[in-house]
Protein chains: 2
Amino acid sequence: MSRTIYEVAKKANVSISTVSRVLNNSGYASEATRAKVIVATEELGYRQNRIAKSLRNQQSNFIGLLVPDIANEFFASLASSIELTLRHYGYNLFLCNTRESQEIENHYIESLLDNQVQGIIIVSAGRKPKPSLFKCTTPIVLVDRLGPELNKLNSIFIESENEKGGVLAAKAFLKRGAKRFVFLGDQRNMRAMSHRKKGFSETLFSHGVSETDYCEMMIPVSAVIARHEVKDFYEAFPFDAIFCGTDNIALGAMRGLYDIGLEIPTDVQLIGFDGIQLGEFTVPGISTIRQDTHLMGKVSSESIVKMIRGDESRGTILLPVEFIARGTTK
Amino acid sequence: MSRTIYEVAKKANVSISTVSRVLNNSGYASEATRAKVIVATEELGYRQNRIAKSLRNQQSNFIGLLVPDIANEFFASLASSIELTLRHYGYNLFLCNTRESQEIENHYIESLLDNQVQGIIIVSAGRKPKPSLFKCTTPIVLVDRLGPELNKLNSIFIESENEKGGVLAAKAFLKRGAKRFVFLGDQRNMRAMSHRKKGFSETLFSHGVSETDYCEMMIPVSAVIARHEVKDFYEAFPFDAIFCGTDNIALGAMRGLYDIGLEIPTDVQLIGFDGIQLGEFTVPGISTIRQDTHLMGKVSSESIVKMIRGDESRGTILLPVEFIARGTTK
DNA sequence: CTGAAAGCGCTAACAT
DNA sequence: ATGTTAGCGCTTTCAG
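Since the structure is predicted, the reported quantities are computational estimates derived from the model, not experimental observations.

A. Here's a closer look at the packing of helix α5 (residues 73–88) of chain A against helix α12 (residues 293–308) of chain A. Residues and elements named next belong to chain A. Running from N to C, α5 and α12 cross one another at 45°; their axes reach a closest spacing of 8 Å. Of the possible angle classes, the one that applies to α5 and α12 is oblique. Regarding α5 and α12, the two cross each other, and that crossing is right-handed. Mapping the contact onto sequence places F74, S77, L78, S81, I82, T85 and L86 in α5 and T293, H294, M296, G297, K298, S300, S301, I304 and V305 in α12. Split by residue class, the contact of α5 with α12 holds seven nonpolar, eight polar and one charged.

In structure tokens form, the structure reads like this:
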């Protein structure tokens, strides 16, 4: 077992409350006693027991983060940024991978609550959150994905300017002479996807593209599935420009197009969404709408910290996106 | 605040110890009281306070996992497998991203220990672990990376058959007519890298390759750096076969080679290591030595659970690898 | 400026 | 079969 506050107190010849005061910098302590305590602490290699502290304080120093797929670079990068910011504020991150499963998400929310986390940041896997979520008073910040139920939560929601991303993609294609367009979206993240789609299709139509030259499809966020689906899709609706709802989908689609002998960007131009670093390394590099994951993580963390500190302001925070031209566009 | 065991006891008209017994299935309880307690628990929406439980039991239900880079698909996939297995055993995973920094690694180890985790699984970022790690009695399992100091720990070490992977890569190149060879390794993971290198170079030499036709270089695990370094390297030592210590490095090297106008696999053949899924999607697909991350995660989890349960057996566990032929080899 | 003591929610002897 | 009670390690009134 590790040492306790009693051992430190004994060694320093003071009471445990004095030790507590010194170590937490709360209340008074003369310089002399302060020094004695510090020395004793170091000699013993004493460290506070966070569990006991949490029990007494009725709160841990943890903040939970739920992401749907940690192996997806976008979420990994977001998680990394959140962790960094939170550590800066003195919190520990409790990272949970929900694997796109509402059931696992629910399990983790319960577990997080049982462990007295101070707040939860959620990139939701589904749309039917546990009712208990609505009852709890723990601060919640929603990021990137917002189901129809979730918006009833008294929380802050953070997302990128998805619609603008769609507009940017459409303009980029138009400028580069594309004629027949496809939007290939992610089935799960309906809100973001419909915004991206909206910006994309409306810009196309307002620039004179006819409805017969535009088509859309929603699939699960998976490179494997995208690679497969895009082939059949091309058979049914040959196109020369495809806007993918995520870079992951873009990666699969690109490979699928290559499989059926299409040249990128000569035959088909392609734009992804997210801006994962990986997109720089494929041949050709993936043109994309970049989200600022670093900023998103920072803002998410700061929002949850604010809520924990009692800030009452709520609402949606919109983050900028930008078009990155790489090899998949002419 | 959430409910306490006292409220349940009151509602069910029993004592708190009875509630505890029923909920933890420990000790006796008649069917009738059991039912009463269950009902009261549900009506109140009561959930055990894990913090209090942990304090009382002198242990949390957490197991810590340290990985150097969660955005690297190999570690993400490993983490995912560990999490799944651990949850199966009833543990919660406390996932920490050390960003290849020994300092952050140390910080997390302290934090994990302060939070009374039951065990720690480490894919180490560096080579000089905190001395406190050696003093603690918390079970430790080391995975994939083992520094010279770390082997003094009384722990289980789990790695792939790295040397065999090198042999496999050499044979694959030889069979496909390669003449001048390069090994491009990861600077951090010295043990695994030197094993891969050893298997590779020794197989080459024993098959008649001369020392002047083999060269090696160690760089940080980063696609960005690999992309850059491989160009200079090729200038100095033109080669027609490159074995990369990780798929991440392979990805960067491949792009770098493409940048200077080389054709893969025509001019240069390439083999990576790890077997990340991403390698299927590049054009051409990355031939690689596949590690079984799923198995590695499972074995790591089971090892830590065993240690927690008091199993005394220690040692190194070797996991199988296999060669996956894709487009970067002829 | 410092110490004594209560109690956070829970489990596990021990008593009944 | 069930209840009483001590105490896990810590913080925080409240006295002194």
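Let us keep going from here.
B. The sheet that holds strand β11 (residues 315–319) of chain B, seen in detail. Residue and element names in this part refer to chain B. Strand order in the open sheet formed by six strands is β2-β1-β3-β4-β5-β11, and the pairing between neighbours is parallel. Sheet topology places β2 (92–97) and β11 at the edges, where each strand pairs with a single neighbour. Within the sheet, the average angular offset between the axes of one strand and its neighbour, ignoring direction, is 20°. As paired strands, strand β5 (residues 156–160) and β11 are joined by five bridges and run parallel to one another. Along β11, the bridge assignment pairs I156 with G315.

C. Quick look at the state of the cysteines. Taken as a whole and assessed by the stated rule, the structure comprises zero disulfides over all chains. The cysteine C136 of chain A is free of any disulfide, with C96 of chain A supplying the nearest cysteine sulfur at 14 Å. Between C96 of chain B, a free cysteine, and C96 of chain A, which holds the nearest cysteine sulfur, the sulfur-to-sulfur gap is 12 Å.

D. Inspection of the layout of surface pockets at higher detail. Size it by volume and the second largest pocket reaches roughly 1,200 Å³. If you trace the second largest pocket, you find 37 residues lining it, with L113, D114 and Q116 of chain A together with S2 and R47 of chain B closest to the centre. Listed by contribution, the elements that provide at least two residues to the lining of the second largest pocket are α6 (102–114) and α7 (131–135) of chain A together with α3 (31–44) and α4 (50–57) of chain B. In terms of residue count, α6 of chain A provides more of the lining of the second largest pocket than any other element does, six residues in total. Each residue belonging to the lining of the second largest pocket can be placed in one class, and the counts come to eleven nonpolar, 17 polar and nine charged.

E. Quick look at the nonpolar core. In this structure, F239 and I242 of chain A together with F239 and I242 of chain B are the most contacted members of the largest nonpolar core, which totals 107 residues. Setting aside anything within four residues of it in sequence, one finds I242 of chain B in contact with F173, V182, L184, V230, L257, V268, Q269, L270 and I271 of chain B. Core analysis: the next-biggest nonpolar cluster, separate from the first, contains 38 residues, F94, L113, I120 and L146 of chain A among them.

F. The packing of helix α4 (residues 50–57) of chain A against α4 of chain B, seen in detail. Contact geometry of α4 of chain A with α4 of chain B gives a least axis separation of 9 Å together with a crossing angle of 135°. Judged on the interaxial angle alone, α4 of chain B and α4 of chain A are oblique. As α4 of chain A packs across α4 of chain B, the resulting crossing turns out to be left-handed. Here I51, A52, S54 and L55 of chain A of α4 of chain A lie close against α4 of chain B, whose contacting residues are I51, A52, S54 and L55 of chain B. A per-class count over the contact of α4 of chain A with α4 of chain B returns six nonpolar, two polar and no charged.

G. Just the protein's contact with DNA strand D, in detail. What surrounds DNA strand D is a group of 27 residues, the closest being I5, Y46 and R56 of chain A together with S17 and R21 of chain B. Each atom of DNA strand D within 4 Å of the protein was classed as base or backbone; sugar and phosphate made up 59%. At 2.6 Å, a side-chain N or O of R21 of chain B approaches a base oxygen of DNA strand D. In this structure, Q58 of chain B approaches DNA strand D through a side-chain N or O atom, which is 2.8 Å from a sugar or linking oxygen. For the surface near DNA strand D, the secondary structure elements donating two or more residues are α1 (5–12), α2 (16–24) and α4 of chain A together with α2 (16–24) and α4 of chain B. Tallied by class, the residues present in the surface near DNA strand D amount to ten nonpolar, 13 polar and four charged.

H. How the structure looks around the packing of aromatic side chains. Residue and element names in this part refer to chain A. On inspection of all chains with the given rule, the structure shows 31 aromatic pairs over all chains. Between the aromatic rings of F173 and F181, the centroid separation amounts to 6.3 Å while the plane-to-plane angle is 50°, which identifies the pairing as tilted. An identical accessibility class is assigned to F173 and F181; each is buried. Residues F233 and F239 carry aromatic rings whose centres are separated by 6.3 Å and whose planes lie at 50° to one another, so their mutual orientation is tilted. Looking at F233, the relative accessible area reads 10%, which means it is buried. By relative accessible area, F239 is classed as buried at 3%. In this structure an aromatic cluster arises from ring pairing among F173, F181, F183, F200, F205, Y214, F243 and F273. Seen from the ring of F237, R180 lies directly overhead, with NZ or CZ sitting 4.0 Å from the centre.

Rules of the game
- Residues numbered from 1 in each chain as written.
- Chains lettered and ligands numbered in written order.
- Predicted model: local features only at pLDDT ≥ 70, side-chain atom pairs only at ≥ 80, totals over all residues.
- Heavy atoms only, no water.
- Axes fitted to C-alpha atoms, helices over the stretch in contact; angles between N-to-C directions.
- Helix = DSSP H or I, 4+ residues; strand = E, 2+ residues; numbered from the N terminus.
- Parallel < 35°, antiparallel > 145°, perpendicular 65-115°, else oblique.
- Left-handed = near helix turned anticlockwise from the far one by under 90°.
- Contact = heavy atoms within 4.5 Å.
- Nonpolar A, V, L, I, M, F, W, Y, C, P; charged D, E, K, R; others polar.
- Pairing = 2+ DSSP bridges.
- Disulfide = S-S within 2.5 Å.
- 1 Å grid on protein atoms, 1.4 Å probe; cavity = no way out; pocket = protein on both sides within 12 Å on 5 of 7 lines; lining within 4 Å.
- Points joined across faces, edges and corners; volume = space filled by probe spheres on them.
- Core = buried A, V, L, I, M, F, W, Y, C linked by side-chain atoms within 4.5 Å.
- Buried < 20%, exposed > 50% of the residue type's maximum accessible area, 1.4 Å probe, protein only.
- Near = heavy atom within 4 Å.
- Polar contact = N/O pair within 3.5 Å; in protein donor to acceptor, adjacent residues only side chain to side chain.
- Phe/Tyr/Trp six-rings, centres within 6.5 Å; stacked < 30°, edge-to-face > 60°.
- Lys NZ or Arg CZ within 6 Å of the ring centre and 35° of its normal.

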